[in-house]
Amino acid sequence: MTGSRRLPLLALLALLLPGPALAARKALAPGEQVDLNRASAAELQRLPGVGRKRADAIVAARAHRPFRRPEDVLRVKGLSRSWFDKVKGHLSAGPAAPGPAPAPAGRR
């Protein structure tokens, strides 16, 4: 096989094989929960129907105001009640992850 014929074959194989992002995304086990206030964007993407864009939106929403209960995730644009009803068994809303420590008040 010549070099010019191998290139299209290699390109086709690259499209057919899952990349690292897809390989790392494994389904949630029954009873496994994702904490909406502490999960990374990658962990949030393990939820059915949540891709990179929605995971980033969840992270941004909790940075603005942490979730007090799982239902609060519905304030994120693009997440519907029917989606929530499907995944609510996998959601929890624990204490918010600690943010950066406030700067000490002192003299300037």
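Attention in this report is confined to the structure presented alongside it.

The rules behind the values
Residues numbered from 1 in each chain as written. Predicted model: local features only at pLDDT ≥ 70, side-chain atom pairs only at ≥ 80, totals over all residues. Heavy atoms only, no water. Helix = DSSP H or I, 4+ residues; strand = E, 2+ residues; numbered from the N terminus. Expected span 1.5 Å × (residues − 1). Buried < 20%, exposed > 50% of the residue type's maximum accessible area, 1.4 Å probe, protein only. Arc of directions from axis to C-beta. Contact = heavy atoms within 4.5 Å. Core = buried A, V, L, I, M, F, W, Y, C linked by side-chain atoms within 4.5 Å.

1. Structural notes on helix H4 (residues 52–64)
Then, number 1: When the terminal C-alpha atoms of H4 are compared, their 19 Å separation across 13 residues agrees well with the 18 Å that a helix rising 1.5 Å per residue should span.
Then, number 2: Among the residues of H4, those classed as buried are Ala55, Ile58, Ala61 and Arg62. All buried residues of H4 lie within an arc of 125° about the axis, which places them on one face of the element. Exposed residues lying more than 90 degrees from the buried face of H4 are Lys53, Ala63 and His64.
Then, number 3: Each element contacted by the buried residues of H4 is listed here: helix H3 (41–44).

2. A word on the nonpolar core
Then, number 1: Residues Leu44, Leu47, Ile58, Phe67, Val73, Trp83 and Leu91 are the most contacted members of the largest nonpolar core, which totals 20 residues.
Then, number 2: Put simply, the parts of the chain that give this core at least two residues each are H3, H4 and helix H5 (81–87).
Then, number 3: If sequence neighbours within four positions are ignored, leucine 91 has contacts with Gln33, Val34, Leu36, Leu47, Pro70, Val73, Trp83 and Phe84.

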